[in-house]
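Spelled out from the first residue to the last, the chains are:
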Amino acid sequence: MVPSQEKPAAEREASEAQPPGSAPSDDAPLPGPGPSDGPDVSAEKVEVELVRSTGEEPPVPPDGGWGWLVMLAAMWCNGSVFGIQNAYGVLFVSMLDTFGAKDDENMAFKTAWVGSLSMGMIFFCCPIVSVFTDMFGCRKTAVVGAAVGFIGLMSSSFVSSIEPLYLTYGIIFACGCSFAYQPSLVILGHYFKKRLGLVNGIVTAGSSVFTILLPLLLGNLIHSVGFFYTLRVLCIFMFVLFLAGFTYRPLVPSAKEKESEGNRLSFFSRRKFSPPKKIFNFAIFKVTAYAVWAAGIPLALFGYFVPYVHLMNHVKEKFQDVKNKEVLFMCIGITSGVGRLLFGRIADYVPGVKKVYLQVLSFFFIGLMSMMIPLCSVFSALIAVCLIMGLFDGCFISIMAPIAFELVGPQDASQAIGFLLGFMSIPMTVGPPVAGFLHDKLGSYNEAFYLAGIPPFLGGVVLCLIPWIHSKKQREMRKATGGEKMEKMLENQNSLLSGSTGIFKKESDSII
């Protein structure tokens, strides 16, 4: 079920201002199928209604051309943003050595807050970013976000204690990354339709590539130039991200869109600038399947970020003879990239919201592997655990956007993704500090990893309800639509019968 959107006031006035002869006909070409190969009926209905109500034919996604460059830019965005976040375990150990004091028993708890706050703020800002994306477009939002992220990361390299990093790294840098990241998901739906699952897999694989390379790069940089100069080197990644944002140009509008845009500009020039009445589209929560999805995903993620923050310190304490500890993040990155490409393509062939079952499968294995981390007595077993965890981590991430398109339709996908990422910020922020607190009090990470494996199982159980709820709603809609058609047919039949009865009476009266 897809919520209906109200027509913005600017478009209503623009359409009313058009001359009588310029109204579009119902025979205007309509968009093609939905984001996957199996079209969603409700999404098509909404697209038809939008085309007929606004009088504009939306640009058809080219599924190629300039879109491939947009895909590469979005891939760099995912890599630079989440590659740095996923490699925080290396920075975590360096922060403990740089700012830690021997008499500070809560240093792991304090340092974990920097990384968890950063990851949480990226997702927490996404609902706000979705509004800015709708108002100003993907390109402006992404470019400004990359610039803010550059400022935050550069300022983090001049601090003298751990506390200022909460602001510079945990808030400013993370907010900039959020404004750069969320448009990279939305712009893909503008340029791709039939290949959206595959393209999402390729784009999200960017973070896997960076997760493979960055731990080694950061380890060598920290060893050679120190923690602060390492952050300044990372600023280069944000500068390239700033340039990549300029590729998110909007598709060329049709002649009708240009005319409507001119009327819209004249409207705003008369009334200065007035934002739309409904900034946040809370109507999407009326879609029961989406509401359950938006509750189940955060529930499953309370332990998701714990291994990325604490795994390196756990290995340092348990496997002291191992030198190249960063190979664990390389394993996660390699199989995560494979999983994103593989499951991204598989998602194109899984019909409708049954894609949710892939996320259920991924949460089951992520939770299981988290619980197995303390059980690994040899380093090779820990490598195997990280390989499996990375594979299903890629599965979970790559099909997030396609599921959002299936549940609420393309016109609401931006805010649907934004709300979901905002809800995800709470568990991803809380999880690592709780694990650090347990380590400081109990002296090991065993209990923390055991507890981190429980939420994915619970979230997976909740997600299993979504396909059943979605199919039930569709059956109700079909019955309601069929009932309305039957009522109309009966009304027409009754009117026809009443008309024929009147004729018969007149004829009989004339005969008498």
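Note that the structure is predicted; figures quoted are calculated from it, not measured.

S.K.: I keep staring at the overall build of the protein and nothing clicks. Help me out?
M.R.: Helix and strand counts for the protein stand at 21 helices and zero strands. The buried share among the 512 residues of the protein stands at 51%. Considering only residue pairs separated by 6 or more positions, the protein has 87% of its internal contacts joining residues 24 or more positions apart. Counting only carbon and sulfur atoms, one obtains 67% of the accessible surface of the protein, whose full area is about 23,100 Å².

S.K.: Would you explain the pattern of salt bridges in this entry?
M.R.: Pairs can form between side chains of opposite charge whenever their charged atoms are close. Scanning all chains against the criterion turns up three salt bridges. Between Asp97 and Lys316 there is a salt bridge, and its shortest N-O distance comes to 3.9 Å. Residue Asp97 is found in helix 4 (residues 88-99), and its partner Lys316 is found in helix 13 (residues 306-318); the two are separated by 219 residues along the sequence. On the basis of relative accessibility, which here comes to 55%, the residue Asp97 falls in the exposed class.

S.K.: In this structure, what is going on with the nonpolar core? I would like to understand it.
M.R.: Side chains of a nonpolar character, in soluble globular proteins, are inclined to be buried together. In this structure, Tyr290, Trp293 and Met424 are the most contacted members of the largest nonpolar core, which totals 133 residues. The element that contributes the greatest number of residues to this core is helix 8 (residues 164-191), accounting for 13 residues. Apart from residues lying up to four places away in sequence, Tyr290 is in contact with Ile284, Phe285, Leu407, Val408, Gln415, Ala416, Phe419 and Leu420.

S.K.: What exactly am I supposed to notice about the environment of Lys318 here?
M.R.: Assignment of secondary structure puts Lys318 in helix 13. Taking the C-alpha atoms as reference points, Lys318 and Val378, separated by 60 residues in sequence, lie 9.6 Å from one another. With residues up to four places along the chain from it excluded, the contact list for Lys318 reads Pro374 and Cys376. For Lys318, the side chain forms a polar contact with the main-chain oxygen of Pro374, separated by 2.8 Å. Only 3.1 Å separates the side chain of Lys318 from the backbone oxygen of Cys376, close enough to count as a polar contact.

S.K.: What is the right way to look at a nonpolar patch on the surface in this model?
M.R.: Side chains of Leu299, Phe302, Ile426, Val430, Val434, Leu451, Ile454 and Leu458 sit close together on the surface and give an oily, nonpolar patch of about 640 Å² of accessible area. Listed by contribution, the elements that provide at least two residues to the nonpolar patch are helix 18 (413-442) and helix 20 (454-463). Of the residues forming the nonpolar patch, the biggest block, three residues, is contributed by helix 18. Looking at the secondary structure, you find Val430 in helix 18.

S.K.: In this structure, what is going on with the confidence of the model for the protein? I would like to understand it.
M.R.: In regions of low pLDDT, the predicted coordinates are not meant to be interpreted in detail. Mean pLDDT for the protein: 76, with 76% of residues reaching 70 or above. Here helix 2 (residues 41-54) stands out as the least confident element of the protein, with mean pLDDT 39; helix 7 (residues 138-156) is the most confident, with 93. Every residue in residues 1-55 is under pLDDT 50, and counting partners more than four places away or in other chains gives 81 contacts. Note that residues 254-258 has pLDDT below 50 and, in this model, nine contacts with residues that lie over four places away or in other chains.

S.K.: Even after reading the chapter, I still don't get the environment of Cys331, so can you show me in this structure?
M.R.: With respect to the helices and strands, Cys331 occurs in helix 14 (residues 327-347). A residue is classified by how much of its surface remains accessible, and Cys331, at 8% relative accessible area, is buried. A C-alpha to C-alpha distance of 9.1 Å links Cys331 and Met389, two positions 58 residues apart in sequence. Excluding anything up to four places from it in sequence, Cys331 contacts Ile383, Cys386 and Leu387.

S.K.: Whenever I open this one, the state of the cysteines confuses me. Can you help?
M.R.: Each disulfide is one covalent bond, formed between the sulfur atoms of two cysteines. Taken as a whole and assessed by the stated rule, the structure comprises zero disulfides. We note that Cys177 lacks a disulfide partner, and the nearest cysteine sulfur, in Cys77, lies 8.0 Å from it.

S.K.: Just to check I follow, could you spell out the packing of aromatic side chains for this structure?
M.R.: Geometrically, a pair of aromatic rings is defined through the distance of the ring centres and the angle of the planes. What the rule picks out here adds up to 32 aromatic pairs. Both rings, one in Phe82 and one in Phe123, keep their centres 5.9 Å apart while their planes meet at 25°; by these two values the pair is stacked. Placement of the pair is Phe82 in helix 3 (residues 66-86) and Phe123 in helix 5 (residues 107-124), with a sequence separation of 41 residues. Look at Phe82 and you get buried, because its relative accessible area is 10%. Accessibility expressed as a relative area gives 5% for Phe123, which makes it buried. Their ring planes at 85° and their centres at 4.7 Å tell us that Phe82 and Tyr181 sit as a pair that is edge-to-face. Of this pair, Phe82 sits in helix 3 while Tyr181 sits in helix 8, placing them 99 residues apart in sequence. The structure contains a cluster of three or more aromatic residues connected by ring pairs, namely Phe282, Phe285, Tyr290, Trp293, Phe419 and Phe423. Over the ring of Tyr229 we find Arg232, and its NZ or CZ is 4.6 Å from the ring centre. Sitting over the face of the ring of Trp66, Arg249 holds its NZ or CZ atom 4.0 Å from the ring centroid.

S.K.: Sorry, what's going on with helix 6 (residues 126-136) here?
M.R.: At 3.6 residues per turn, the α-helix brings residues three or four places apart onto the same side. Cys126, Pro127, Val129, Ser130, Val131 and Thr133 are the residues of helix 6 that are buried. Of the surrounding secondary structure, the elements contacted by the buried residues of helix 6 are helix 5, helix 7, helix 8 and helix 18. Gly137, located one to two residues past helix 6, shows a positive phi value of around 95°.

S.K.: Mind showing me how you'd approach a positive patch on the surface here?
M.R.: Judged by side-chain charge, Lys472, Arg475, Arg478 and Lys479 come together as a positively charged surface patch. Overall, Arg475 belongs to the partly exposed group, its relative accessible area being 42%.

S.K.: Help me understand helix 17 (residues 400-408), please; the structure alone is not making it clear to me.
M.R.: Extensive coverage of helix 17 is indicated by the burial of nine of its nine residues. All of the buried residues along helix 17 are Met400, Ala401, Pro402, Ile403, Ala404, Phe405, Glu406, Leu407 and Val408. A positive phi of about 90° marks Gly409, the residue just after helix 17.

Scoring rules and cut-offs
Residues numbered from 1 in each chain as written. Predicted model: local features only at pLDDT ≥ 70, side-chain atom pairs only at ≥ 80, totals over all residues. Heavy atoms only, no water. Helix = DSSP H or I, 4+ residues; strand = E, 2+ residues; numbered from the N terminus. Buried < 20%, exposed > 50% of the residue type's maximum accessible area, 1.4 Å probe, protein only. Contact = heavy atoms within 4.5 Å. Areas by Shrake-Rupley, 256 points an atom, 1.4 Å probe, with all protein chains shown as cover. Salt bridge = Lys/Arg side-chain N within 4 Å of Asp/Glu carboxyl O. Core = buried A, V, L, I, M, F, W, Y, C linked by side-chain atoms within 4.5 Å. Polar contact = N/O pair within 3.5 Å; in protein donor to acceptor, adjacent residues only side chain to side chain. Patch = residues over 30% accessible without salt bridge, like charges linked within 9 Å, V, L, I, M, F, W, Y side chains within 5 Å. pLDDT = per-residue confidence, 0-100. Disulfide = S-S within 2.5 Å. Phe/Tyr/Trp six-rings, centres within 6.5 Å; stacked < 30°, edge-to-face > 60°. Lys NZ or Arg CZ within 6 Å of the ring centre and 35° of its normal. Lys, Arg positive; Asp, Glu negative; His and termini not counted. Charge placed at Lys NZ, Arg CZ, Asp CG, Glu CD.

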